[in-house]
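# Structural characterization, general
As a plain string of letters, each chain reads:
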Amino acid sequence: MFVAVMVLTLILAACGGDNGGNAESDNGGDSGDGSFPEESWQFITEEVQGEVQYEYAAEFADRISEKTDGAITIEPLEFGALGSEVDQSQLLQQGGVELAVMSPGFTGGQVSDGQIFSLHYFFPSDQELVQQVLTESEALNQDMRAKYEEHNITPLSFWTEGAMAWTSNIGIESPSDWNGLNMRVQESPLMRESYAAYGATVQSMSQGELYTALDRGTVDAQENPLFYIESASFNEVQDTITISNHNNYVAMTTVNTSWYNDLDDNVKAVLDETVEEMQDWVFDEQLTQNQAALEAMENDDRNPIEVIELTDDQIAEFTEVAEPVHQYYREEVSGIDPEIFDKLQQEIADIAGE
């Protein structure tokens, strides 16, 4: 009898049958008492160490580690470690990695609505207002997020890496300057339409191929924020930079949807909290990097480059050509939700005080 009681007691203890016990979750942590499971995540980016996205991922990793007392570690990965931008998007979608910073321009084939960021002169030119729109917009953070989640990608935030600028060897100052130029674009059909409106031809390619293509004349022009132009040394193979403020390099902090939904509540809470607080950090980081890059290129005697800043009248000329593409996007692009366009357009007007 004594042996039978002992066996029963051991069985109950092993199964967590003692109600006074502290049963742990399957992933090694107790989601009910604030402790964290020991986990290791990968965070892929489209940039390399020292550039905005990578530095964002590194800072994000430090904050998560600190908040979880080192239980959760994140490995930031530079661009190219796991393939092209499109490869990385597919890898996140399939659950091969947990987190990614990605540009909507490389997901236009999956989520057509993401092409809205390619529209020229749609968002404000003031970067603080752009960041406010990206942070507060329901059209983006609720409606468009739901569109991405249909593809197992959850954008937890949208943020700007700075205004785009054009580089070329001719000095772009009016839409007619684009005639005959071959422009490098991301994998976005709407980008093709935007530059076709100016009279340019376009060619899609990865960032990793762009320097060589510019050097060899395979493409004539490209767009990127200033920090990336300087970091990638495009000023070595291009004669001019046009400060056009035609749109912004928008990035998304994304996670694999299935993985995110299965997280313990306390893990999800600390992840969401970190995403929110990083909005101010990354805005300051991109501002610092873009200002430093412009100064570095202006003072580079080895690779002198002409900086052209468009006047209000020149911007008005580009805007007139670009605006019909806004309606083309709303009415003609397959798969987009025009209500998201309308809602975002109204939110921009409200925030910009128009």
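Residues numbered from 1 in each chain as written. Predicted model: local features only at pLDDT ≥ 70, side-chain atom pairs only at ≥ 80, totals over all residues. Heavy atoms only, no water.

The gaps of empty space that remain are located by a probe, the size of a water molecule, rolled over the atoms. Applying the stated criterion across every chain, the model contains two cavities of 30 Å³ or more. Reported here for the largest cavity is a volume of approximately 90 Å³. Looking at the largest cavity, it is lined by 13 residues, and the ones nearest its centre are Ser-103, Phe-117, Gln-186, Met-191 and Asn-248. At three residues, the largest contribution of residues to the lining of the largest cavity is made by strand 9 (residues 248–256). Considering only residue class, the lining of the largest cavity consists of six nonpolar, seven polar and no charged. The wall of the second largest cavity is formed by Tyr-121, Phe-122, Phe-123, Pro-124, Ser-125, Gln-127, Ala-163, Asn-245, His-246, Asn-247 and Asn-248. (1 Å grid on protein atoms, 1.4 Å probe; cavity = no way out; pocket = protein on both sides within 12 Å on 5 of 7 lines; lining within 4 Å. Points joined across faces, edges and corners; volume = space filled by probe spheres on them. Helix = DSSP H or I, 4+ residues; strand = E, 2+ residues; numbered from the N terminus. Nonpolar A, V, L, I, M, F, W, Y, C, P; charged D, E, K, R; others polar.)

Turning to the pattern of salt bridges, a few remarks are in order. Throughout the structure, instances matching the rule amount to ten salt bridges. Salt-bridge contacts for Glu-59 lead to Arg-63; the nearest nitrogen and oxygen are separated by 2.8 Å. Taken together, the positions of Glu-59 and Arg-63, both in helix 2 (residues 52–67) and four residues apart, correspond to about one turn of that helix. Among the charged side chains, a network of salt bridges with common partners joins Glu-59, Arg-63, Lys-67, Glu-273 and Glu-277. (Salt bridge = Lys/Arg side-chain N within 4 Å of Asp/Glu carboxyl O.)

Over its 34 residues, helix 10 (residues 265–298) runs 49 Å from end to end, which matches the ideal 50 Å to within 8%, given 1.5 Å per residue. For helix 10, the principal kink sits at Met-278 and spans about 35 degrees. (Expected span 1.5 Å × (residues − 1). Bend = angle between axes of the 7 residues up to and from the residue.)

The next point concerns the packing of aromatic side chains. Here the distance between the centres and the angle between the planes together describe a pair of aromatic rings. Under the criterion given, the structure shown has 19 aromatic pairs. Ring pairs connect the aromatic residues Phe-117, Phe-122, Phe-123, Phe-158, Tyr-329 and Phe-341, which therefore count as one cluster. The side chain of Lys-268 reaches across the aromatic face of Tyr-260, ending 4.9 Å from its centre. (Phe/Tyr/Trp six-rings, centres within 6.5 Å; stacked < 30°, edge-to-face > 60°. Lys NZ or Arg CZ within 6 Å of the ring centre and 35° of its normal.)

Taken together, the six bridges between strand 1 (residues 39–44) and strand 2 (residues 72–77) define a ladder with parallel strand orientation. The partner of Ser-40 across the bridge, within strand 2, is Thr-73. For the crossover that starts at strand 1, traverses helix 2 and ends in the parallel strand 2, the hand is right-handed. With two bridges joining them, strand 1 and strand 3 (residues 99–102) adopt parallel strand pairing. Note that in strand 3 the partner of Phe-43 across the bridge is Leu-99. (Pairing = 2+ DSSP bridges. Right-handed = clockwise from strand over helix to strand, strands pointing away.)

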